[in-house]
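A closer look at the structure
Letter by letter, the chains look like this.
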Protein chains: 2
Amino acid sequence: MKKYYIGIDLGGTFIKGGVVDSDGNILVCDKTPTESELGGGKVASNIATLAERLLQTSGVSKAQIVGIGVGSPGMIDSAKGEVVFSGNLQWTHFPIAKETEKRIGIPVKLANDANVAALGETKFGCGKAYNNTIFITLGTGVGGGIVIDGKLFEGNRSAGAELGHAVLMVGGEQCTCGRKGCFEAYASATALIRDTKRAMLADKGCKMWEIGGLEAVTGKTPFDYYDTDASAKSVVDRYITMLGAGITNLANEFRPEAIILGGGVCAQGDTLLKPLQEILDKELFAGEKGPQVKLLIATLGNNAGLLGAAALWM
Amino acid sequence: MKKYYIGIDLGGTFIKGGVVDSDGNILVCDKTPTESELGGGKVASNIATLAERLLQTSGVSKAQIVGIGVGSPGMIDSAKGEVVFSGNLQWTHFPIAKETEKRIGIPVKLANDANVAALGETKFGCGKAYNNTIFITLGTGVGGGIVIDGKLFEGNRSAGAELGHAVLMVGGEQCTCGRKGCFEAYASATALIRDTKRAMLADKGCKMWEIGGLEAVTGKTPFDYYDTDASAKSVVDRYITMLGAGITNLANEFRPEAIILGGGVCAQGDTLLKPLQEILDKELFAGEKGPQVKLLIATLGNNAGLLGAAALWM
């Protein structure tokens, strides 16, 4: 009897789920509203209902499912299967794994959403060739995950891998976590947009004003004007310097085989990757004497979470 | 038949060794000159001769020894038992484990000296109560080691855990590794002495001049004048800020149960520890919602390396 897994990507608005085989093929996938405003029990029921529907659609029986993996936002205690707290879901110490298990009769494992994405990209995405990777998402914030010997490394009570919250510049930009100068405060898309707006305000003649105004700025803006506008170029160059510093820090501390970048900014492809790899190669501890660290761009997109959640059982 | 271990602390000048039991008791210990200028083979012979002598003195038979653990300076490849390179020993790709094994007929494991010290402090020193720790030595440089689930985490080909070489201040103080602004460039004893001298030069009336002159400055100097001299106070306060930032970074990334500090600066005890723990408690990601990280001062002193090397076999 062939074995399968259910991966659940629990978001603030939608729950996405899929039936996955051990090669990372998604047989079927579907989604349903989260409805966290109706309480944790309702969310657990929604996950269970979605899972039942996935089984029906796929024709896979409950007995063939090894387990359900859930990737959730917030601080997680994997061992307890509990969301310690999540602003997004508005939960404190909610045992979502047990509550879901009760409703569907399949064992449930839980981990943080950025962590499971790291596992997904490593097992089935661009990191397939590696067992030791770090995944960094450059989005509203900077999240990430660490894979050591093919398994998630989450730190004590799963509270580690807060990769965006290491200071790169003591006393620097205010971070959402309360500290000043965090990696996130320089390398997130939010930081890139902030710096682009600042550069525009400081340079009224800058070409980036063509886009219409400050409210039209996205993470793409400074890249679009990189070749034609000095202010745009300086924003991007600075962004790459800071991102490169943060990546090199992680490389020196963890020395993974590869570091995988995800998030919207990565649409810039080699424009981003090439100078970052140069910084990393130049600044990596012991340079060429030690093992190199390969920089990669994530390939699974939104499916990384679902696949990684399923991979919690592999 | 009771089992024992031999721990070897391989230094640039001396090789220290001891016979250790599984509780971390050192039955006998001794040392011999390294003589690395006579080549790697000679060093391997010196280790073997020292080990034979330790067996004789202790009355432990070769058959009772599970293995020899060696802690060596430089970049190590543990899996190969090879010193990839070491400025101290002047070696490149020297297979010290195999060479020693050949001479004594006991299996040899090798790891970096700061890494084995981390293991020693965790298994037998102040970290005994914990399985997940980070050890940071504040000496000429900033070294360290990472223990996860009671085992050393060394990164790909043992090249990780370069904890001193994460940038805290992009573009900051020049570091020995080539980067600018590393943790080491702010938190080493060398950095503390540099900053004390700078403060004295900038303040000719400062009380620290009483010690005789710049050449008399040690890491203790600014602490000694902390209560009576504003320049000394500002050096120490800044040192603690930077050290606290580096510690909190590691806490957010690895979330260990405890972080252990070693090195001469730690003689300051609570003067150092208390404000650092305050910074950590305040800046740790998710504050009190997540598991706390305990700061400790190393207790094994010079024996940490020897015990940790032995613990490579436990």
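Our subject is the structure listed above.
The paragraphs below set out a description of the structure included in this document.

**Concerning helix α8 (residues 270–283) of chain A**
Note on helix geometry: an α-helix contains 3.6 residues per turn, so any two residues three or four positions apart are oriented the same way. Residues and elements named next belong to chain A. Along its 14 residues, α8 runs 19 Å from first to last C-alpha, staying within 8% of the 20 Å computed at 1.5 Å per residue. Listed in full, the buried residues belonging to α8 are L272, L273, L276, Q277 and L280. Seen from one end, α8 has its buried residues packed into an arc of 115 degrees, which puts them on one side. Relative to its buried face, α8 has exposed residues pointing more than 90 degrees away, namely D270, K274, E278 and K282. Contacts from the buried residues of α8 go to α6 (221–224), α7 (230–254), β12 (258–262) and β13 (294–297).

**Quick word on empty space enclosed by the protein**
Enumeration according to the criterion identifies two cavities of 30 Å³ or more in this entry. Going through the elements one at a time, α7 of chain A together with α7 (230–254) of chain B are the ones with two or more residues in the lining of the largest cavity. For the lining of the largest cavity, the leading source of residues is α7(A), giving four residues. Here the residues of the lining of the largest cavity sort into eight nonpolar, three polar and two charged. In this structure, the second largest cavity encloses a volume near 30 Å³. In this structure, the second largest cavity is lined by E253(A), L163(B), A166(B), L168(B), F183(B), G246(B), N249(B) and L250(B). With three residues, α7(B) is the largest single contributor of residues to the lining of the second largest cavity. Residues of the lining of the second largest cavity, tallied by class, amount to five nonpolar, two polar and one charged.

**Thoughts on the environment of G11(A)**
Residues and elements named next belong to chain A. In this structure, G11 sits in the loop between β1 (4–10) and β2 (14–21). A residue is classified by how much of its surface remains accessible, and G11, at 19% relative accessible area, is buried. Setting aside its immediate chain neighbours within four residues, G11 contacts T34 and L89.

**Some points on the nonpolar core**
With 96 residues, the main nonpolar core has I136(A) and I136(B) as its most contacted residues. Looking at this core, the element that brings in the most residues is α7(B), giving 12 residues. Those residues in contact with I136(B) that lie beyond four places of it in its chain are V142(B), G143(B), G144(B), F183(B), I247(B), L250(B), I259(B), I260(B), L261(B) and G262(B).

**Observations regarding the sheet that holds strand β4 (residues 65–72) of chain B**
Residue and element names in this part refer to chain B. Pairing within the open sheet is mixed, and its five strands lie in the order β3-β2-β1-β4-β8. The open sheet terminates on both sides in strands that have one partner only, identified here as β3 (26–33) and β8 (108–112). Direction aside, neighbouring strands of the sheet carry axes that sit 20 degrees apart on average. Bridge analysis of β4 against β8 gives five bridges, and the strand direction is parallel. Bridge pairing links S72 to N112 in β8. Those strands touched by helix α2 (residues 96–104) are β4 and β8, and its axis lies near 150 degrees from that of β8. Against the sheet, helix α3 (residues 113–124) engages β4 and β8, with an angle of about 100 degrees to β8.

**Topic: the packing of α7(A) against α7(B)**
Here α7(A) crosses α7(B) at 75 degrees, and the two axes come no closer than 12 Å. By the angle class used here, α7(A) and α7(B) are roughly perpendicular. From α7(A), L250(A), E253(A) and F254(A) reach across to α7(B), where they touch L250(B), E253(B) and F254(B). Taken together, the residues of the contact of α7(A) with α7(B) break down into four nonpolar, no polar and two charged.

**Details of unusual backbone geometry**
Residue and element names in this part refer to chain A. Look at A161: it is not a glycine, yet its phi comes out positive at around 60 degrees. Positionally, A161 belongs in the loop between β11 (151–153) and α4 (184–187). In this structure A161 comes out as buried when scored by relative accessible area, which is 4%.

**Quick notes on the packing of aromatic side chains**
Taken as a whole and judged by the stated rule, the model has five aromatic pairs over all chains. Here F254(A) and F153(B) contribute two aromatic rings whose centre-to-centre distance is 6.2 Å and whose plane-to-plane angle is 55 degrees, an arrangement assigned as tilted. In this pair, F254(A) sits in helix α7 while F153(B) sits in strand β11 (residues 151–153), so the two residues belong to two different chains. Judged by relative accessible area, F153(B) falls into the buried class, the value being 9%. One aromatic cluster is present, formed by F153(A), F254(A), F153(B) and F254(B) through successive ring pairs. Taking NZ or CZ as reference, K109(A) lies 4.4 Å from the ring centre of W313(A), over its face. For the cation-ring pair, K31(B) lies above F14(B), with the distance from its terminal atom to the ring centre recorded as 4.1 Å.

What counts, and at which threshold
- Residues numbered from 1 in each chain as written.
- Chains lettered and ligands numbered in written order.
- Predicted model: local features only at pLDDT ≥ 70, side-chain atom pairs only at ≥ 80, totals over all residues.
- Heavy atoms only, no water.
- Helix = DSSP H or I, 4+ residues; strand = E, 2+ residues; numbered from the N terminus.
- Expected span 1.5 Å × (residues − 1).
- Buried < 20%, exposed > 50% of the residue type's maximum accessible area, 1.4 Å probe, protein only.
- Arc of directions from axis to C-beta.
- Contact = heavy atoms within 4.5 Å.
- 1 Å grid on protein atoms, 1.4 Å probe; cavity = no way out; pocket = protein on both sides within 12 Å on 5 of 7 lines; lining within 4 Å.
- Points joined across faces, edges and corners; volume = space filled by probe spheres on them.
- Nonpolar A, V, L, I, M, F, W, Y, C, P; charged D, E, K, R; others polar.
- Core = buried A, V, L, I, M, F, W, Y, C linked by side-chain atoms within 4.5 Å.
- Pairing = 2+ DSSP bridges.
- Axes fitted to C-alpha atoms, helices over the stretch in contact; angles between N-to-C directions.
- Parallel < 35°, antiparallel > 145°, perpendicular 65-115°, else oblique.
- Phe/Tyr/Trp six-rings, centres within 6.5 Å; stacked < 30°, edge-to-face > 60°.
- Lys NZ or Arg CZ within 6 Å of the ring centre and 35° of its normal.

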